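Working through the structure, step by step
The primary structure of each chain is shown beneath.
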Amino acid sequence: MTNFPISEFENQCTPFYFYDITLLRRTLDEIKRYSNHPGYHVHYAVKANVNPVILGEILNAGLGVDCVSGGEVEAAMKAGFSADKIVFAGVGKSDWEIEMGLTHDIACFNVESLPELEVIQEIAAKMQKVARVALRVNPNIDAHTHHYITTGLAENKFGINIEKLDDIIEAAMKMSNVELQGLHFHIGSQITINDPFKLLSEKINELQAKYGKKGITFKSINVGGGLGIDYDNPNENDIPDFYSYFNTFKKYLKLNEGQELHFELGRSIVGQCGSLITRVLYVKEGTEKKFAIVDAGFTELIRPALYQAHHNIENLTSNDEIEKYDVVGPICESSDCFGEDEMLPKVKRGDIIAIRSAGAYGEIMASQYNCRKLPKSVYKM
Ligand code: LLP
């Protein structure tokens, strides 16, 4: 559980991100403990948070990274990750991004279509390189999560439909500058039950059996990320259930002798260690509602506005009687609301509010809309 250093907060300019690095370290320890299995490799999905202090901790823990843009590859390399621990995914890789990946000899391109594979072959040939690739398969599995963060259904733009896979594998095997290493999957994000991971494992078993019969085997399988966090109980469940997550794959996924299994976890690693800290500017009494107007808006944390996500909201500076507030930001849009009918100890101007579970897809998705400044960060080491 996070204990906030409130007296330190008093002197800080709000809004800012607060990261509990001790919690991040404990989270990483749990991951290492339960993924300690022959052939298992955990990559951190950099898209969740690219804060250099956080990247440094993850590097020290020995994880690899999963990137989705040239900028992320650059950020990971700058943080010290070696190219042989970088996998690079994304439906629309630009030529310069492919060139950059090849120049650094990254571990693997996760390829999402035949046209992309052809461009990788062409660029690699020009550069006299061999691109290691995994084909991202769309397994058509419902992850039972928000439709904006579901990625593994046939209707989603991601991955190669299973019916097209035979042709693309055949094409890849004929390409002289492409080395087909494996199959990649990612079915969605904020998945809080293990069933979709079990279904994914069974689907991979089917595919491996099918290709095995044709004499096609893969060096590696990558099951992507997606493990969710408990947004409602960030103190009680500060570390996700990594035991059950890894155990689901240990139990249901049949790997070939010596085959590698890669994971790309983002939210579950960094989600709970971050909170957005903001100050109350005004309390406005409406006719039907009371508004706590804070100095952070969707420019600092867009998840509530974009996905109707709810993050727990705490008043860190008041123990008064509980009252009901809509907690809203200063941005000129009605969607700039962190929570409706929030029950909070009586709020007054200057109170410090924590918006919890904001370590993943928080700071990294911040924008400068309304010419606002990007948020700074404070750490508890
Ligand atoms: N691998 C791939 C190929 C991905 O697309 C993603 C996330 C991950 C791994 C990491 O997934 P995670 O373990 O974090 O669930 N901005 C949204 C989430 C978007 C997720 C995009 N892909 C949100 O705030 O909920």
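What you are looking at is a predicted structure, and each value in this text was computed from that prediction instead of being measured.

Attention now moves to the overall build of the protein chain. A count of helical and extended segments in the protein chain gives 11 helices and 17 strands. Taken along its principal axes, the extent of the C-alpha atoms in the protein chain is 70 × 40 × 40 Å. For the protein chain, buried positions account for 56% of its 381 residues. Relative to all contacts within the protein chain whose residues are 6 or more apart in sequence, the contacts with residues 24 or more apart total 72%.

Right, let's get into the site of the ligand. Around the ligand there are 19 residues in total, and S189, E264, R303, Y307 and Y361 lie nearest to it. In the model, an oxygen atom of the ligand is placed 2.9 Å from a nitrogen or oxygen of the G266 main chain. A distance of 2.6 Å separates an oxygen atom of the ligand from a polar atom in the side chain of R303. Elements with a contribution of two residues or more to the shell around the ligand: β10 (260–265) and α11 (303–307). Counted by class, the shell around the ligand contains 6 nonpolar, 7 polar and 6 charged residues.

This next bit is on the packing of helix α2 (residues 21–34) against helix α9 (residues 242–252). Where α2 meets α9, the axes come as close as 9 Å, and the angle between the chain directions of the two elements is 25°. Taken as axis vectors, α2 and α9 run roughly parallel relative to one another. Of the two possible hands of crossing, α2 and α9 adopt the one that is right-handed. Taking contact as the criterion, the partners of T27, E30, I31 and Y34 in α2 are, on α9, F242, Y243, F246 and K250.

Here we come to unusual backbone geometry. With an omega of -5°, the peptide bond between T14 and P15 qualifies as cis. Even without glycine at this site, Q190 takes up a positive phi of about 55°. By secondary structure assignment, the location of Q190 is in the loop between β8 (178–184) and α8 (195–213). Unusually for a residue other than glycine, C371 sits at a positive phi of about 55°.

Where empty space is left can be seen by rolling a probe of water-molecule size over the atoms. What the second largest pocket holds in volume is close to 450 Å³. Lining the second largest pocket are 29 residues, and of these H41, H43, D84, E260 and H262 lie nearest its centre. The biggest single contributor to the lining of the second largest pocket is strand β2 (residues 40–45), with 4 residues.

As a further point, take the pairing of strand β16 (residues 352–355). Along β16, one buried face is formed by I352 and A354 and the opposite face, lined by I353 and I355, is buried too. Relative to β16, strand β11 (residues 274–285) runs antiparallel, the two sharing 4 bridges. Bridge pairing in β16 links R279 to I352. Sheet topology note: the strand β13 (residues 313–315)/β16 ladder contains 3 bridges and is antiparallel.

Nonpolar side chains in soluble globular proteins tend to be buried together. Membership of the largest hydrophobic core comes to 92 residues, with the highest contact counts inside it found for F109, V223, F246, F249 and I269. When sequence neighbours within four positions are dropped, the list of residues in contact with V223 reads F185, H186, L200, I204, Y245, F249, L253, L261, H262 and F263. Judged by nonpolar contacts, the second largest core, of 9 residues, contains F9, F16, F18 and A354.

Criteria and cut-off values
Residues numbered from 1 in each chain as written. Predicted model: local features only at pLDDT ≥ 70, side-chain atom pairs only at ≥ 80, totals over all residues. Heavy atoms only, no water. Helix = DSSP H or I, 4+ residues; strand = E, 2+ residues; numbered from the N terminus. Buried < 20%, exposed > 50% of the residue type's maximum accessible area, 1.4 Å probe, protein only. Contact = heavy atoms within 4.5 Å. Near = heavy atom within 4 Å. Polar contact = N/O pair within 3.5 Å; in protein donor to acceptor, adjacent residues only side chain to side chain. Nonpolar A, V, L, I, M, F, W, Y, C, P; charged D, E, K, R; others polar. Axes fitted to C-alpha atoms, helices over the stretch in contact; angles between N-to-C directions. Parallel < 35°, antiparallel > 145°, perpendicular 65-115°, else oblique. Left-handed = near helix turned anticlockwise from the far one by under 90°. 1 Å grid on protein atoms, 1.4 Å probe; cavity = no way out; pocket = protein on both sides within 12 Å on 5 of 7 lines; lining within 4 Å. Points joined across faces, edges and corners; volume = space filled by probe spheres on them. Pairing = 2+ DSSP bridges. Core = buried A, V, L, I, M, F, W, Y, C linked by side-chain atoms within 4.5 Å.

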